[in-house]
Amino acid sequence: PVTSDYPLGPGDQLLIRGWGSLDIDVRATIDRNGAITIPRVGTVPLSGVKAAQAEGVLRKAVSKYYKGFELSVTLGQTRAITVYVLGQARRPGSYTLSSASTLASGLFATGGPSAVGSMRRVQLKRAGQVVAELDLYNFLAEGSNVSDTKLIDGDVIFIPPALGHVAMVGKVHTPAVYEIKSTTETLEQLLAVAGGLPVLADKRRVTLERLNTSSNL
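Note that this is a predicted model, so its numbers are computed, not measured.

## Quick notes on the overall build of the chain
Here comes step 1: In terms of regular secondary structure, the chain is built from four helices and 12 strands.
Here comes step 2: For a compact globule of 217 residues, the expected C-alpha radius of gyration is about 17 Å, and the chain comes in at 25 Å, more than 25% above that figure.
Here comes step 3: Along the longest, intermediate and shortest principal axes, the C-alpha atoms of the chain span 85 × 40 × 20 Å.
Here comes step 4: Counting the 217 residues in the chain, one finds 36% classified as buried.
Here comes step 5: Total accessible area computed for the chain in this model is approximately 13,200 Å², and 52% of it derives from carbon and sulfur atoms.
Here comes step 6: The averaged location of the 18 negative side-chain charges in the chain is 1 Å from the averaged location of its 23 positive side-chain charges.

Structure representation (structure tokens):
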């Protein structure tokens, strides 16, 4: 499914049914000039038209030649785009995706981060610039899609290495190993990611153990 503000373009397919004074059942694909051709009506430009407005545009075009008709317009197959997945990805490379894809759906479709890749700092690069950064923890645990940007042709999904990990064990709602998002992230913020503490947990007896990675032992 696409959003109502999805802009139509070459390669998108429309399913058009008309009845009454006009009897048509057409599966039309927008050509490279940004238009479709409807039998007994002619060429209708649609490139850049929002998905929610397509039926109105087509109805206006048909009404120039017919009166007393009904029209139904739905979006069929969407055009394809090429997206590149780089960095610490499970399966780096170029991928052909639907133009309705977003950063999150594109990431899932291409395999996601590798074992050492970051799930919290996934970057979307466009024309050499970082235009969005997705924290998959927020997306999966909280349903926050604020940074889930729509992909366009030529976008790059870059997955940097994870900064580090913290193991949450004991009386936490979701014991697991969690990725650190930044060097300034606090224990309280990580506990929030883990779902917080249950009612029976004693906050006065929290123990923090730190491994010294610089040690030769």
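What follows picks up the thread again.
## Some remarks on helix 1 (residues 54-62)
Here comes step 1: Those residues of helix 1 lying buried are Ala54, Leu58, Ala61 and Val62. Taken around the axis of helix 1, the buried residues stretch over an arc of 95 degrees, which confines them to a single face.
Here comes step 2: Residues of helix 1 that are buried make contact with strand 1 (13-20), strand 3 (35-38), strand 4 (42-45) and strand 5 (69-75).

## Some remarks on the pairing of strand 6 (residues 80-87)
Here comes step 1: Note that strand 6 and strand 7 (residues 93-98) share six bridges and pair antiparallel. Bridged to valine 85 within strand 7 is glycine 93.
Here comes step 2: The hairpin formed by strand 6 and strand 7 contains five residues between the paired strands.

## Quick look at the sheet that holds strand 8 (residues 122-126)
Here comes step 1: Pairing is mixed in the open sheet, where five strands are placed in the order 7-6-10-8-9. For this open sheet the edge positions go to strand 7 and strand 9 (129-134), each flanked by a neighbour on one side alone. Across the sheet, the mean angle from the axis of one strand to that of its neighbour is 30 degrees, orientation sign disregarded.

## Some remarks on the nonpolar core
Here comes step 1: If you look at the biggest cluster of nonpolar residues, it comprises 23 residues, and the most contacted ones within it are Leu14, Ile16, Ile36, Ile38, Leu46 and Leu58.
Here comes step 2: Mapped by element, the contributors of at least two residues to this core are strand 1, strand 2 (24-29), strand 3, helix 1 and strand 5.
Here comes step 3: Not counting residues up to four positions away in its chain, the partners in contact with isoleucine 16 are Ile24, Asp25, Val26, Ala28, Ile36, Ile38, Leu58, Leu71, Ser72 and Val73.
Here comes step 4: Membership of the second largest hydrophobic core comes to 17 residues, among which are Ile81, Tyr95, Leu97 and Leu103.

## A closer look at the sheet that holds strand 5
Within a sheet, adjacent strands bond to each other through the backbone by hydrogen bonds, running parallel or antiparallel.
Here comes step 1: Strand order in the open sheet made by the three strands is 2-1-5, with antiparallel pairing throughout. Because the sheet does not close on itself, it has two edges, and the strands there are strand 2 and strand 5. Shown here is a sheet whose adjacent strand axes are inclined to one another by a mean of 15 degrees, direction ignored.
Here comes step 2: The sheet contact formed by strand 1 and strand 2 spans six bridges and is antiparallel. Note that in strand 2 the partner of leucine 15 across the bridge is arginine 27.
Here comes step 3: Where helix 1 meets the sheet, it contacts strand 1 and strand 5, and its direction lies at approximately 145 degrees from that of strand 5.

## As for the packing of aromatic side chains
Here comes step 1: Tallied over the full model, the rule gives two aromatic pairs.
Here comes step 2: Judged by centre distance (6.2 Å) and plane angle (45 degrees), the ring pair of phenylalanine 108 and phenylalanine 139 falls under tilted. With phenylalanine 108 in helix 2 (residues 103-109) and phenylalanine 139 in helix 3 (residues 136-142), this residue pair connects regions lying 31 residues apart in the sequence.
Here comes step 3: Of the residues examined, phenylalanine 108 reaches a relative accessible area of 46% and is grouped as partly exposed.
Here comes step 4: An angle of 85 degrees between the planes, with centres 6.1 Å apart, marks the rings of tyrosine 137 and tyrosine 178 as edge-to-face.

Conventions and cut-offs
- Residues numbered from 1 in each chain as written.
- Predicted model: local features only at pLDDT ≥ 70, side-chain atom pairs only at ≥ 80, totals over all residues.
- Heavy atoms only, no water.
- Helix = DSSP H or I, 4+ residues; strand = E, 2+ residues; numbered from the N terminus.
- Rg over C-alpha atoms; globule rule 2.2 N^0.38 Å.
- Buried < 20%, exposed > 50% of the residue type's maximum accessible area, 1.4 Å probe, protein only.
- Areas by Shrake-Rupley, 256 points an atom, 1.4 Å probe, with all protein chains shown as cover.
- Lys, Arg positive; Asp, Glu negative; His and termini not counted.
- Charge placed at Lys NZ, Arg CZ, Asp CG, Glu CD.
- Arc of directions from axis to C-beta.
- Contact = heavy atoms within 4.5 Å.
- Pairing = 2+ DSSP bridges.
- Axes fitted to C-alpha atoms, helices over the stretch in contact; angles between N-to-C directions.
- Core = buried A, V, L, I, M, F, W, Y, C linked by side-chain atoms within 4.5 Å.
- Phe/Tyr/Trp six-rings, centres within 6.5 Å; stacked < 30°, edge-to-face > 60°.

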